[in-house]
Amino acid sequence: MQDKVIVVTGGFGVLGRAVGDAALAAGASVALIGHGEANSALEHDRLLQIGGVDLADLAQTRQALDAVSARFGHIDGLANIAGGFRWQTLEGGDLGIWTEMFRMNLLTAATATAAALPYLRETRGAIVNVAAAPAKNAKAGMAPYAASKAGVLRLTEGAADELKEAGVRVNAILPTIIDTPRNRSDMPKADFSKWVTPDQIAQSILFLLSDEASGVTGAELLVAGRS
Ligand SMILES: NC(=O)c1ccc[n+]([C@@H]2O[C@H](COP(=O)([O-])OP(=O)(O)OC[C@H]3O[C@@H](n4cnc5c(N)ncnc54)[C@H](OP(=O)(O)O)[C@@H]3O)[C@@H](O)[C@H]2O)c1
């Protein structure tokens, strides 16, 4: 990833940080963008942190990507990681969850893609969208989240087709439950050793962003560990 510039949305979350760390270790320059604040403990000459950005807002997201280009000169990869999960049944549930999940998981990815495209066209770059395994099969209480992540798969498919002549590749990763502190505290009796780790997912994302995956676009990659 030497000389590549990788933008990570949701860059202050668990997976976003893991992708940022892995990309830096692989020699890339990295921009972490999202809610949250820059962390001075992470400072690095190849790292730009842009906090306080609502990635569902096009003007804010464009401004952030312009700042990345101004700092590093070009953008080669976009990892759309911003998102979140809420469990809620239909019966008795607040229907506002549907717009919340779509905004958080799908509109953020669509917005960052639209904002990054002028730069990715120049470099014939790549995008990886983080969906989730339930995008294929929702259980009770998962419908709003799963539907929004199914939307991420259709975004991936449509964008891959739209951009193939431009040489911009677009792929999706579908993680199962990730080994995060929040999941450990929410599911204390689970066998954590079966869960996929943030670093394992980060390596899969970096592969899809790299030139080694130059023939891969429109793909959906399940990353499940041993779960
Ligand atoms: N954790 C899992 O088991 C799991 C499994 C499958 C897929 N995934 C997906 O993997 C991705 C990362 O998950 P994670 O566990 O790393 O979650 P996380 O730690 O909560 O990180 C997600 C980050 O995205 C940010 N974000 C959400 N909406 C945003 C917006 N509109 N503008 C800017 N930033 C926004 C969040 O900021 P705030 O928290 O400040 O809003 C947070 O920093 C998500 O897309 C998630 O759906 C996770």
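Residues numbered from 1 in each chain as written. Predicted model: local features only at pLDDT ≥ 70, side-chain atom pairs only at ≥ 80, totals over all residues. Heavy atoms only, no water.

## Regarding helix H2 (residues 58-72)
Compared with an ideal rise of 1.5 Å per residue, which puts 15 residues at 21 Å, H2 spans 21 Å between its outermost C-alpha atoms and is within 8% of the ideal. Inspection of H2 places Thr 61, Ala 64, Leu 65, Val 68, Ser 69 and Phe 72 among the buried residues, and these make up the whole buried set. The buried side chains of H2 occupy one side of the element, clustering within an arc of 140° when seen end-on. More than 90 degrees from the buried face of H2, the exposed residues found are Ala 59, Gln 63 and Ala 70. Its side-chain oxygen 3.1 Å from the backbone nitrogen of Ala 59, Asp 57 forms the N-cap of H2. (Helix = DSSP H or I, 4+ residues; strand = E, 2+ residues; numbered from the N terminus. Expected span 1.5 Å × (residues − 1). Buried < 20%, exposed > 50% of the residue type's maximum accessible area, 1.4 Å probe, protein only. Arc of directions from axis to C-beta. Polar contact = N/O pair within 3.5 Å; in protein donor to acceptor, adjacent residues only side chain to side chain.)

## Side note on the site of the ligand
Near the ligand there are 27 residues, and of these Leu 15, His 35, Leu 55, Lys 149 and Asn 183 occur at the shortest range. Here Val 14 contributes a backbone N or O atom positioned 3.0 Å from an oxygen atom of the ligand. Contact distances for the ligand include 3.3 Å between an oxygen atom and a side-chain N or O atom of Tyr 145. Considered on its own, the ligand offers 880 Å² of accessible surface; in the complex 79% of this is hidden by protein. Those elements that place two or more of their residues in the shell around the ligand are helix H1 (14-25), helix H3 (96-123) and helix H4 (143-163). Broken down by element, the shell around the ligand gets its largest block of residues, 3 residues, from H3. When grouped by side-chain class, the residues that make up the shell around the ligand number 15 nonpolar, 10 polar and 2 charged. (Near = heavy atom within 4 Å. Areas by Shrake-Rupley, 256 points an atom, 1.4 Å probe, with all protein chains shown as cover. Nonpolar A, V, L, I, M, F, W, Y, C, P; charged D, E, K, R; others polar.)

## A look at the pattern of salt bridges
In the structure shown here, the tally under the stated rule is 9 salt bridges. Close ionic contact of Glu 100 with Arg 86 constitutes a salt bridge, the shortest N to O distance being 3.0 Å. Here Glu 100 is found in helix H3, whereas its partner Arg 86 is found in the loop between strand S4 (77-80) and H3, with 14 residues between them in sequence. Judged by relative accessible area, which is 33%, Arg 86 ranks as partly exposed. With a shortest N-O distance of 3.4 Å, Arg 154 and Glu 220 are connected by a salt bridge. (Salt bridge = Lys/Arg side-chain N within 4 Å of Asp/Glu carboxyl O.)

## Notes on the pairing of strand S5 (residues 126-130)
For S5, the tally of buried residues reaches 5 of 5 residues, placing the bulk of the element in the interior. Here S5 shows a buried face lined by Ala 126, Val 128 and Val 130 and a second buried face lined by Ile 127 and Asn 129. As paired elements, S4 and S5 share 4 bridges and run parallel to each other. By the bridge assignment, Asn 80 is partnered in S5 with Asn 129. In this view, the connection linking S4 to its parallel neighbour S5 by way of H3 has right-handed handedness. Direction of pairing for S5 relative to strand S6 (residues 169-175): parallel, over a ladder of 5 bridges. Looking at the pairing, Val 128 lines up with Asn 171 of S6. In this fold, S5 hands off to H4, which returns the chain to S6; that crossover is right-handed. (Pairing = 2+ DSSP bridges. Right-handed = clockwise from strand over helix to strand, strands pointing away.)

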